[in-house]
Amino acid sequence: MGGSFTAISLTTMVILIILAHLALGMVLTENEVTRVEGALYPHESETREVRNLDGIWNFVKSDEGNPTQGVREQWYKDDLSKVKTVIPMPVPASYNDITTDPEIRDHVGTVWYDRTFFVPNSWRDNQRVWLRFGSVHYEAFVWINGETAVKHEIGHLPFEADITKFLKFGEQNRITVLCDNALIQTTIPQGKISEAQRDKGIAIIQSYTFDFFNYAGIHRSVHLFTTPKTYIEDVKITTDLKESTGFIFYEVTSNGDIPLEELRVRIQIKDKRGNLVGKQTTKASELKGVLNIENVKPWWPYLMDPEPGYLYTTEVYLEGANGKLIDVYRVKTGIRTLTWTESSFLINGKPVYFRGFGRHEDSDIRGKGLDYALLTRDFNLLKWIGSNVYRTSHYPYSEESMQFADEQGIMIIDECPSVDTENFNQALLDKHKSSLQQLVNRDKNHACVVMWSIANEPRTNQYNADTYFGSVANYTRDLDKTRPITAAIAVPSKDDKAGRHLDIISFNRYNGWYSNTGRLDMITDHLVEEAIGWHKKYNRPVLMSEYGADTVEGLHILPSFVWSEEYQQDLLSKHFRAFDILRKKVWFIGEFVWNFADFKTQQKYKRVGGNKKGVFTRNRQPKAAAHLLRKRYFSLAQYLDKCFVPQDLFEYIFSVA
């Protein structure tokens, strides 16, 4: 609920915040955004140790009407079990669906976690101990042994802190986390808080316009890790290709007591088999350079090359000027180029046609919690169906999924948590930029990331949308000029004010579902006309980022009827016809079904158990449309990229012999 806690009611606080920004909502300025640096994924090395704190934690739900009670009463000063009755809660996981209590599932406001952990005496000397969270949604306050360690706002993104000074070495230590899921008009994403009369008292109501459940909790892994006192804070890598030579440009940032002029870096590049293919040592105080890799194996997307997702390992050795080893960190590196024009998108100089999905990090019981079994299943299904890309709708996905995508050759349109953005104001703009800075900082070295998406279905027809999204797009470009910028737009092209700031136009439209429901004869021409309209207005490459129809697994109706598996197949087929017409115009570069799998939403009378637009069920089994889509995606891949076709793609039916 913000950085400081008071006893005022939640509704009063929200009203004050809205009023405070109302006068500023018409004027947007380019404020300095606090940058998050470093936050490298915790990997073990010769100089670093990593411990995982995942497991069963203690959990307490605050009183919705008194969300700041625990802070005022300083629950973080002792075990939670001494002030409240605790229940076990798995980490990582959303807390909402773990229990059988609807008050936990639908809770609005703060919850508490704690656990103890042992720190060995061997960690005491000449090193730092760090605490890192992969994601806590939405806002987190963290204490170590009763002392404030770190605060972070915006879910789905990592944060860390040096906690050395708070620790008791050779003893048990306690970590306490306050998690707040409340969304208001200046959070990313936005929401609204209100009060309503219920049978016994007042209910706190969280409302939001986005169509997925606002899962909350410690969603991703929690790590302890060590670094030397002087350490590698960040590594930035970009790549280039010229014929058979690859180029790796590196820039290393250090932090600590040793002055920069007394430091150097030694870089080694190893191929997939561990063979040394390049090395370089910089001069003192120069922690950047470029390495040439002869007979390079480029990183290619799935089905565009027999060996997709080829990764080198960049080994970074931070040394003293005398050659003494200080710190070591390794980064997986895919060598590839991205270029784009007014009519095309190319990887390694070859045109790309995107065949993909919008998705969600969502599954039964664990909600948005990291799950390696589910992650592995999802990538197996992506490859089974012939997809080469997905958009991280509508927030950054786990770092582990990005690593998977690098290795499997699955391209990513990397989206920040801005959904249905409206009521543009300065505070929102600053947080929007912060979310993108943190995202780019986290994912800058992933070869799989081929585009940044700065919003999903923002209200780009509103006053100030031009100024607002111009500012967001330009800020993102300043962060990374090596990737194009897009946003998934849902307003008609004639009303849009943001597209001129984008490099790629992405649009969402549900012909035959939200528009002209049930009319399969009102899809193909409408889609072709709209795509042409977007290109005509902005002269940019165009892709369709969402289309689809809700489908109840096992519901069959002939002739096809809405919600049936037959209707989903027929609707997709009508879109396929439009896509093939548009592909001939060159500037149309991709199609993304909504959605990969069914997912949970807030309770609505129009949603039976959630959004059912997936071609896979929520437990990752195919509907009939998945088999149809598989035939299309592999047929496109064979035609465009000359790839193999699975032997089981088309079933045996008849032979004339």
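Residues numbered from 1 in each chain as written. Predicted model: local features only at pLDDT ≥ 70, side-chain atom pairs only at ≥ 80, totals over all residues. Heavy atoms only, no water.

Draft legend 1. Representation of the overall build of the protein. Tallying secondary structure elements over the protein gives 10 helices and 32 strands in all. Principal-axis analysis of the C-alpha atoms gives the protein an extent of 75 × 75 × 55 Å. When each of the 657 residues of the protein is scored for burial, the buried share is 60%. Here the analysis covers contacts within the protein between residues at least 6 apart in sequence; of these, 72% occur between residues at least 24 apart. If you sum the accessible surface of the protein, you get close to 26600 Å²; carbon and sulfur atoms cover 51% of it. The positive charge centre, built from 79 side chains, and the negative charge centre, built from 83, are 2 Å apart in the protein. (Helix = DSSP H or I, 4+ residues; strand = E, 2+ residues; numbered from the N terminus. Buried < 20%, exposed > 50% of the residue type's maximum accessible area, 1.4 Å probe, protein only. Contact = heavy atoms within 4.5 Å. Areas by Shrake-Rupley, 256 points an atom, 1.4 Å probe, with all protein chains shown as cover. Lys, Arg positive; Asp, Glu negative; His and termini not counted. Charge placed at Lys NZ, Arg CZ, Asp CG, Glu CD.)

Draft legend 2. The arrangement of the pairing of strand 10 (residues 171-180) in detail. Among the 10 residues that make up strand 10, 8 are buried, leaving the element largely enclosed by the rest of the structure. As paired strands, strand 4 (residues 110-119) and strand 10 are joined by 10 bridges and run antiparallel to one another. Counted as the bridge partner of Phe-118 is Gln-172 from strand 10. Judged from the 6 bridges that link them, strand 7 (residues 139-144) and strand 10 form a sheet pairing that is antiparallel. From the neighbouring strand, Val-142 faces strand 10, where its bridge partner is Val-177. (Pairing = 2+ DSSP bridges.)

Draft legend 3. Structural detail: helix 7 (residues 465-479). Compared with an ideal rise of 1.5 Å per residue, which puts 15 residues at 21 Å, helix 7 spans 21 Å between its outermost C-alpha atoms and is within 8% of the ideal. Along helix 7, the positions that sit buried rather than exposed are Ala-465, Tyr-468, Phe-469, Gly-470, Ser-471, Val-472, Ala-473, Tyr-475, Thr-476 and Leu-479. Along its buried surface, helix 7 packs onto helix 6 (426-443), strand 28 (449-456) and strand 29 (485-489). (Expected span 1.5 Å × (residues − 1).)

Draft legend 4. A look at the pairing of strand 21 (residues 325-333). Relative to strand 21, strand 20 (residues 312-320) is paired through 8 bridges, and the arrangement is antiparallel. Considered in strand 21, the bridge of Glu-315 is made with Arg-330. Two successive antiparallel strands, strand 20 and strand 21, enclose a turn made up of 4 residues, where Gly-323 displays a positive phi of approximately 95 degrees.

Draft legend 5. Region of interest: the environment of Leu-131. By the element assignment, Leu-131 lies in strand 5 (residues 127-133). Residues Leu-131 and Leu-224, spaced 93 residues apart in sequence, show a C-alpha to C-alpha distance of 4.8 Å. Aside from chain neighbours lying at most four places away, what touches Leu-131 is Leu-53, Val-142, Ile-144, Phe-159, Glu-160, Ala-161, Ile-163, Ile-175, Val-222, His-223 and Leu-224.

Draft legend 6. Main features of the pattern of salt bridges. Overall, the coordinates contain 48 salt bridges when judged by the stated rule. Residue Asp-503 is joined to Arg-477 by a salt bridge in which the shortest nitrogen-to-oxygen separation is 3.4 Å. Placement of the pair is Asp-503 in the loop between strand 29 and strand 30 (505-508) and Arg-477 in helix 7, with a sequence separation of 26 residues. According to the relative accessible area criterion, Asp-503 is buried, its value standing at 15%. Shared partners join several salt bridges into a network, and the residues in it are Asp-211, Asp-550, Lys-604, Arg-607 and Lys-613. (Salt bridge = Lys/Arg side-chain N within 4 Å of Asp/Glu carboxyl O.)

Draft legend 7. Region of the structure containing unusual backbone geometry. Look at the link from Val-91 to Pro-92: it is a cis peptide, with omega at 5 degrees. Positive phi, close to 55 degrees, is recorded for Asp-420, a residue that is not glycine. Along the chain, Asp-420 falls in the loop between strand 27 (411-415) and helix 6. Positive phi, normally seen in glycine, also occurs at Asn-516, with a value near 55 degrees. Take Asn-516: it is sitting in the loop between strand 30 and helix 8 (524-538). The class of Asn-516 is partly exposed, set by a relative accessible area of 33%.

Draft legend 8. Structural view of the packing of aromatic side chains. This structure, assessed with the given rule, holds 37 aromatic pairs. Ring geometry for Trp-75 and Trp-112: centres 5.4 Å apart, planes at 50 degrees, overall tilted. In this pair, Trp-75 is assigned in the loop between helix 2 (69-72) and strand 3 (87-91) and Trp-112 in strand 4, connecting sequence segments 37 residues apart. What makes Trp-112 buried here is its relative accessible area of 0%. When the centroid spacing of 5.6 Å and the interplanar angle of 85 degrees are considered together, the rings of Phe-424 and Phe-469 count as edge-to-face. Here Phe-469 lies in helix 7 and Phe-424 lies in the loop between strand 27 and helix 6, a separation of 45 residues in the sequence. (Phe/Tyr/Trp six-rings, centres within 6.5 Å; stacked < 30°, edge-to-face > 60°.)

Draft legend 9. Summary view of the nonpolar core. Grouped together as the largest cluster of nonpolar side chains are 115 residues, with contacts concentrated most on Phe-354, Phe-357, Ile-454, Phe-588, Val-615 and Leu-629. Apart from the residues within four sequence positions on either side, Phe-354 is in contact with Phe-345, Asn-388, Val-389, Met-411, Val-450, Met-451, Leu-543, Ile-589, Gly-590, Glu-591 and Phe-592. (Core = buried A, V, L, I, M, F, W, Y, C linked by side-chain atoms within 4.5 Å.)

Draft legend 10. Geometry of the sheet that holds strand 18 (residues 276-281). With antiparallel pairing, 4 strands are arranged side by side in an open sheet as 18-17-20-21. If you trace the sheet from one side to the other, it starts and ends with strand 18 and strand 21, each paired once. Strand-to-strand, the axes of this sheet are offset by a mean angle of 15 degrees, without reference to chain direction. Relative to strand 18, strand 17 (residues 263-270) runs antiparallel, the two sharing 5 bridges. By the bridge assignment, Gln-268 is partnered in strand 18 with Lys-279. (Axes fitted to C-alpha atoms, helices over the stretch in contact; angles between N-to-C directions.)

Draft legend 11. Looking closely at the sheet that holds strand 5. The antiparallel open sheet is built from 4 strands, whose spatial order is 1-14-5-9. Here the strands that pair on one side only, and so sit at the sheet edges, are strand 1 (50-52) and strand 9 (159-162). With strand direction ignored, the average angle separating the axes of adjacent strands in the sheet is 20 degrees.

Draft legend 12. Here's a closer look at the packing of helix 6 against helix 7. Relative to each other, helix 6 and helix 7 sit at 25 degrees, their axes nearing to 10 Å. It follows from the interaxial angle that helix 6 and helix 7 lie roughly parallel. The two elements helix 6 and helix 7 meet at a crossing, and its hand is right-handed. On helix 7, the residues touching Leu-428, Leu-429, His-432, Lys-433, Leu-436, Gln-437 and Val-440 of helix 6 are Tyr-468, Phe-469, Ser-471, Val-472, Tyr-475, Thr-476 and Leu-479. Broken down by class, the residue content of the contact of helix 6 with helix 7 amounts to 9 nonpolar, 4 polar and 1 charged. (Parallel < 35°, antiparallel > 145°, perpendicular 65-115°, else oblique. Left-handed = near helix turned anticlockwise from the far one by under 90°. Nonpolar A, V, L, I, M, F, W, Y, C, P; charged D, E, K, R; others polar.)

Draft legend 13. Region of the structure containing the environment of Leu-479. Within the element layout of this structure, Leu-479 appears in helix 7. Along the primary structure Leu-479 and Tyr-547 are separated by 68 residues, whereas in three dimensions their C-alpha atoms are 31 Å apart. The residues contacting Leu-479, other than those within four sequence positions of it, are Arg-35, Leu-436, Gln-437 and Val-440.

Draft legend 14. Spotlight on a nonpolar patch on the surface. A contiguous nonpolar patch, built from Ile-653, Phe-654 and Val-656 and spanning about 440 Å² of accessible area, is present on the exposed surface. Following the sequence through the fold, Ile-653 ends up in the segment after helix 10 (624-641). (Patch = residues over 30% accessible without salt bridge, like charges linked within 9 Å, V, L, I, M, F, W, Y side chains within 5 Å.)

Draft legend 15. Region of the structure containing the environment of Met-544. Mapped onto the secondary structure, Met-544 falls in strand 31 (residues 542-546). Judged by relative accessible area, Met-544 falls into the buried class, the value being 0%. Expressed as a C-alpha distance, the spacing of Met-544 and Asn-295, which sit 249 residues apart in the sequence, is 37 Å. Setting aside its immediate chain neighbours within four residues, Met-544 contacts Phe-507, Arg-509, Leu-527, His-575, Phe-579, Phe-588, Gly-590, Glu-591 and Phe-592.

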